[in-house]
Each structure stands twice: as C-alpha cells, then as structure tokens.
Amino acid sequence: MFEEAQYFAPVAAQQDGSVVVELSASHPGFADPVYRARRNAIAGLAVNYRPGTPIPAAEYTEQEHEVWALVTRELAVKHAKYATAEYLDGVDRLGLPQERIPQLEEVSRLLEPLTGFRYLPAAGLVPLRDFYGVLADGYFHSTQYIRHHSVPFYTPEPDVIHEVIGHANALASSRYAALYRLAGQAARRVQSDEALEFVSKVFWFTLEFGVMREAGELKAYGAGILSSYGEIEEFRGMDIRPLDLSAMGTTHYDITKYQDVLFRADSLQHLEDVVGDFWDTCDDDSIAKLIAAAV
Ligand code: TIH
Ligand code: FE2
C-alpha cells in the first residue's frame, strides 16, 4: 500500500536512544501531550525490537483500554449485521479480550495455533516488500499504538484496533489466512515496483476493503471496513463494482477518507478463484498485461 505507507507518521530515533513520532497538526492527538508521550514510547518498543525475541508489552493507560472496550462494543453490533460469516467465525475462534487492549504477543499466542500467523511490531512505515513478503511466512507487521480517544469511530492511520480487530480476526480463518499467504508469495515473486504496487492494490481492494455477496446481502470482509464503526455504516452506499483484477490493481484510492469505490466478490469461493489464483500465479508479464487491459 504505497498510499497507506506514506500516511504513517514519521518516526525519528534521537541521539539518546529515545524515539519521537511526528504527528501532523490535523491529527486529533497533536495537542495532547499525554498521547504524544504514549506514541513515542510505543514506537520506541518497535524500533528497538529484535526479531526472534518476544514483542515487548506496551503499557497502555486506562483511557486507552477504554477506547478499545468502546470500539469493541460498537463493532460487535455492526459485525453481527455487516460482517461475513467466515469473519464472524474467526471472531469466535480467536476470542480477543473485550475490555482491554491485548498485547501483540498475546495476539500471536491466540492466532498461531489456529492458522500459524504471528504478529511483528511496526514503528511506522514498513517497506512494501517486507510488509507483504513476510505474509508468505505467516508474519503480520502491526502497529501497537491506539487511535486518539476523541475520534474512536475512524482513523486514517492504521492502529492496534485496525490491525487486531480488523486483521487478526480475519487471520483466524484458514481460508482468509491462505489468501494473505498467497499475497505474500506474489509480493516475493514479482520484480518491478510497478508489479508490486499492482499486487498491493489488489490487496487493498480485497483484504483491506473487500465486500462480498452472502445470502443475497452485501457483507464486508475487508479489515479496514471491519475496524471502523463509522465506515462500516456507509459501505453499502458506495460505488460497488464487480471483482476485476485490472481495475483493482490500477484504481487510485485515498487512505484519509471513507472508501467510495469498493469491489464485490460473488462469494468467498469466487474471491479465492479470481484473487487467490492471481496471487498464486502472477508475475511481471501477466501483471503488465492486466495494466495494459485497464481502461
Ligand atoms: N480506517 C481504519 C479504521 O478506522 O479502523 C484504519 C485503516 C484501515 C486501512 C488503512 S487505515
Ligand atoms: Fe490494514
């Protein structure tokens, strides 16, 4: 996700070993010194993380746990109405805590026995090749901070609510997890940055913002819809297009707003046949043809 990657707040390591996260003046936490200190401390954990060691626990404040509890409550109601059956099954299987933010290490402990996926901490921007590539090995890069308490229903900035409620519940499903792994294999296989961007956009319009038909209704399986109790109320009114690789891989999106163009699969099987197959087999040549075929 080039655009998503660019949205991440820059993280700067200081000479004394501490870490400073730059928030833009329009960020809801910009003028909140307590929140800024939390963001810096949490980014520091990821910057100093050594692969192969346990992910350090973040010390969240009571207010931060309350944001998690509120969003979890709000989303449970919306998920019952708008999430796919496969995702809801993942919610049951994973069993995330409802009243407090789980540590990423704990998310790995819950997830690994189900589908083999483990979480890795990300301070901010993870280069596309790494972010997607390690999906092939069952690793998911995740932010650890939480959105500002003043705007709980939506954030343009991926936070622990998005990474865990949106993605981990999906990764608890063996069928969705298989698709994540295939996306990782595709990202490893392609050579050019153009082909990698195409693969990442197909990911954006499916595993991040995908919708599908289920029993005659439109349901969401994309993590970005499923982690926002603001956006999840709006997706059915958007411009919903049929699943189309050329279109998904070349359509521009703006990460800072509710997504106004979405792509609908006819079923999970349809998604696996079209997108799973694409990731399983694509290379630079086949992607160049799909780009040329885009209108
Ligand atoms: N907008 C999502 C939310 O509010 O939970 C977070 C993101 C999803 C994808 C990019 S940012
Ligand atoms: Fe995401």
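- As recorded in an unreviewed UniProt entry, the protein goes by the name Phenylalanine 4-monooxygenase, listed as coming from Nonomuraea helvata.
- Here the protein is described in UniProt, under the heading Cofactor (unreviewed entry), as follows: "Fe(2+)".
- The heading Sequence similarities (unreviewed entry) in the UniProt record of the protein holds the text "Belongs to the biopterin-dependent aromatic amino acid hydroxylase family."

**Overview of the overall build of the protein**
Link 1 in the chain: Across its full length, the protein carries 13 helices and eight strands.
Link 2 in the chain: Computed over the C-alpha atoms, the radius of gyration of the protein is 18 Å, within 12% of the 19 Å expected from 2.2 N^0.38 for a compact globule of 295 residues.
Link 3 in the chain: In the protein, buried positions account for 55% of the 295 residues.
Link 4 in the chain: Partitioning the intrachain contacts of the protein with sequence separation of at least 6 by distance along the chain shows that 67% fall at a separation of at least 24.
Link 5 in the chain: Working note: accessible area of the protein is about 12500 Å², and carbon and sulfur atoms make up 52% of it.
Link 6 in the chain: A distance of 2 Å separates the average location of the 25 positive side-chain charges in the protein from that of its 43 negative side-chain charges.

**Observations concerning the coordination of the iron ion (ligand 2)**
Link 1 in the chain: Coordination of the iron ion (ligand 2) by the protein comes from His162 (NE2), His167 (NE2), Glu208 (OE) and Glu208 (OE), over a distance range of 2.0 to 2.6 Å.
Link 2 in the chain: Relative to the metal, the four donor atoms surrounding the iron ion (ligand 2) lie at angles of 55 to 141°, and the coordination shape comes out irregular.
Link 3 in the chain: Sequence positions of the donors to the iron ion (ligand 2) reduce to the motif H-x4-H-x40-E.
Link 4 in the chain: On the accessibility criterion, His162 (7% relative accessible area) is buried.

**What to know about the nonpolar core**
Link 1 in the chain: Core analysis: the biggest nonpolar cluster contains 91 residues, and Tyr119, Tyr180, Phe278 and Trp279 have the highest contact counts within it.
Link 2 in the chain: For this core, the element with the highest residue contribution is helix α9 (residues 193-208), accounting for nine residues.

**Brief notes about the site of ligand 1**
Link 1 in the chain: Close to ligand 1 lie 14 residues; Arg147, Tyr154, Thr155, His162 and Ser227 are nearest.
Link 2 in the chain: One of the side-chain nitrogen or oxygen atoms of Arg147 is found 2.8 Å away from an oxygen atom of ligand 1.
Link 3 in the chain: In the model, a nitrogen atom of ligand 1 is placed 2.8 Å from a nitrogen or oxygen of the Thr155 main chain.
Link 4 in the chain: Across the complex, the protein chains shield 99% of the 320 Å² of accessible surface that ligand 1 would expose by itself.
Link 5 in the chain: Split by residue class, the shell around ligand 1 holds six nonpolar, five polar and three charged.

**Considering the pattern of salt bridges**
Side chains that carry opposite charge are capable of pairing whenever their charged atoms lie near each other.
Link 1 in the chain: Under the defined criterion, the tally for this structure stands at 13 salt bridges.
Link 2 in the chain: Among the ionic pairs, Glu157 bridges to Arg39, the shortest N-O distance being 3.0 Å. Of this pair, Glu157 sits in the loop between β4 (139-142) and α7 (160-171) while Arg39 sits in helix α2 (residues 33-47), and the two are 118 residues apart along the sequence. Accessibility assignment for this pair places Glu157 and Arg39 in one class, buried.
Link 3 in the chain: Between Lys201 and Glu197 there is a salt bridge whose closest N-O contact spans 3.9 Å. You can see Lys201 and its partner Glu197 sitting in helix α9, four residues apart, about one turn around the helix.
Link 4 in the chain: Classification of Lys201 by relative accessible area gives buried; the value is 7%.

**Considerations on the packing of aromatic side chains**
Think of a pair of aromatic rings as described by two things: how far the centres are apart, and how the planes are tilted against each other in angle.
Link 1 in the chain: In this structure the tally under the stated criterion is 17 aromatic pairs.
Link 2 in the chain: An angle of 40° between the planes, with centres 5.1 Å apart, marks the rings of Tyr119 and Phe140 as tilted. Taken as a pair, Tyr119 in strand β3 (residues 118-121) and Phe140 in strand β4 lie far apart in primary sequence, 21 residues in all. Summarising the burial analysis for this pair, Tyr119 and Phe140 share the class buried.
Link 3 in the chain: An angle of 10° between the planes, with centres 3.9 Å apart, marks the rings of Trp204 and Tyr253 as stacked. Residue Trp204 is found in helix α9, and its partner Tyr253 is found in the loop between α11 (245-250) and β8 (261-265); the two are separated by 49 residues along the sequence.
Link 4 in the chain: Among the residues examined, Tyr253 registers a relative accessible area of 3% and is labelled buried.

Calculation criteria
Residues numbered from 1 in each chain as written. Chains lettered and ligands numbered in written order. Predicted model: local features only at pLDDT ≥ 70, side-chain atom pairs only at ≥ 80, totals over all residues. Heavy atoms only, no water. UniProt positions renumbered as here; feature names shortened; annotations may be inferred. Helix = DSSP H or I, 4+ residues; strand = E, 2+ residues; numbered from the N terminus. Rg over C-alpha atoms; globule rule 2.2 N^0.38 Å. Buried < 20%, exposed > 50% of the residue type's maximum accessible area, 1.4 Å probe, protein only. Contact = heavy atoms within 4.5 Å. Areas by Shrake-Rupley, 256 points an atom, 1.4 Å probe, with all protein chains shown as cover. Lys, Arg positive; Asp, Glu negative; His and termini not counted. Charge placed at Lys NZ, Arg CZ, Asp CG, Glu CD. Donors = N, O, S within 2.8 Å, 3.2 Å for Na, K, Ca; no water. Tetrahedral: all angles 85-135°; square planar, octahedral: opposite > 155°, others 65-115°. Core = buried A, V, L, I, M, F, W, Y, C linked by side-chain atoms within 4.5 Å. Near = heavy atom within 4 Å. Polar contact = N/O pair within 3.5 Å; in protein donor to acceptor, adjacent residues only side chain to side chain. Nonpolar A, V, L, I, M, F, W, Y, C, P; charged D, E, K, R; others polar. Salt bridge = Lys/Arg side-chain N within 4 Å of Asp/Glu carboxyl O. Phe/Tyr/Trp six-rings, centres within 6.5 Å; stacked < 30°, edge-to-face > 60°.

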